[in-house]
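Fold and contact review
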Amino acid sequence: MLETFDIAGIIEAGTDEAGRGCIAGPVYAAAVILPADFNDPGLNDSKQLSRRERERLRDIIVKEAMSWCVASASPEEIDDVNILNASILSMHRALDGLGTTPEHIIVDGNRFKAYKNIPFTCFVKGDGRYASIAAASILAKTFRDDFMREVATQYPQYGWEVNCGYPTKAHREAVMRYGITPLHRKSFKILPDPELF
């Protein structure tokens, strides 16, 4: 069972992002405030869960969270400010959307920028340790995957309904054949060096 990062009972928001390693699509982030008694033994880092389990947990989190929000930063914003800053921007946007103002923020990873003077703590692999970060990872991942499956109907050549914008061999072969789309991140190395492909 994951921990609650509890400082004298203050209101804690967990935040995490999804899609940093993709070559196409926005980066998504979620912020979640869970009730103190929230408990689901299946809750874990989204990367450790099946799609079915993520979607089951999303329904529970959305229903039972004290407050939650999902936000994103576009491929253009990623190209403009870089993926790290765009990830933090999307986290800030998710925090903006919370109906309850947290008193402490816990962040998956090792980099963050102060948000409204609210104290924050970063945790590497925090999505596998703290419940609210794990919940945020699940919301960010499932909402982003849904978006990529939706836009896959507009760009069916790239297999986004399967790879969700990650740089799979099939995705890169499609880029070589058809070129890039407006949803590709132009600042990323979309194709590897020819000798490595």
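It should be emphasised that the depicted structure is a prediction, and the values quoted were computed from it without experimental measurement.

Rules used throughout
Residues numbered from 1 in each chain as written. Predicted model: local features only at pLDDT ≥ 70, side-chain atom pairs only at ≥ 80, totals over all residues. Heavy atoms only, no water. Salt bridge = Lys/Arg side-chain N within 4 Å of Asp/Glu carboxyl O. Helix = DSSP H or I, 4+ residues; strand = E, 2+ residues; numbered from the N terminus. Expected span 1.5 Å × (residues − 1). Buried < 20%, exposed > 50% of the residue type's maximum accessible area, 1.4 Å probe, protein only. Polar contact = N/O pair within 3.5 Å; in protein donor to acceptor, adjacent residues only side chain to side chain. Pairing = 2+ DSSP bridges. Axes fitted to C-alpha atoms, helices over the stretch in contact; angles between N-to-C directions. Contact = heavy atoms within 4.5 Å.

1. A word on the pattern of salt bridges
Counted by the stated rule, this structure contains 12 salt bridges. Each of Arg58, Lys141, Asp145, Asp146 and Arg149 takes part in one network of salt bridges that share partners.

2. Some words on helix 3 (residues 83-96)
Over its 14 residues, helix 3 runs 20 Å from end to end, which matches the ideal 20 Å to within 8%, given 1.5 Å per residue. Counted residue by residue, helix 3 has 10 buried out of 14 residues, so it is predominantly covered. Capping the start of helix 3, Asn82 holds a side-chain oxygen 3.0 Å from the backbone nitrogen of Leu84, two or three residues further along.

3. Things to note about the sheet that holds strand 5 (residues 120-123)
The five strands are arranged 3-2-1-4-5 in an open sheet whose pairing can be described as mixed. Where the open sheet ends on each side, the last strands, each with one partner, are strand 3 (67-73) and strand 5. Pairwise comparison of adjacent strand axes, ignoring direction, gives a mean angle of 20° for this sheet. Note: strand 2 (residues 27-33) against strand 3, seven bridges, orientation antiparallel. By the bridge assignment, Ala31 is partnered in strand 3 with Cys69. Running over the sheet, helix 4 (residues 131-152) touches strand 1 (12-18), strand 2, strand 3, strand 4 (104-108) and strand 5 and is turned about 35° from strand 1.

4. Description of unusual backbone geometry
A positive phi angle, close to 50°, is found at Lys116, a residue other than glycine. For Lys116, the position within the fold is in the loop between strand 4 and strand 5. What makes Lys116 exposed here is its relative accessible area of 59%. Although it is not a glycine, Cys164 sits at a positive phi angle of roughly 55°. You can see Cys164 is positioned in the loop between helix 5 (160-163) and helix 6 (169-178).

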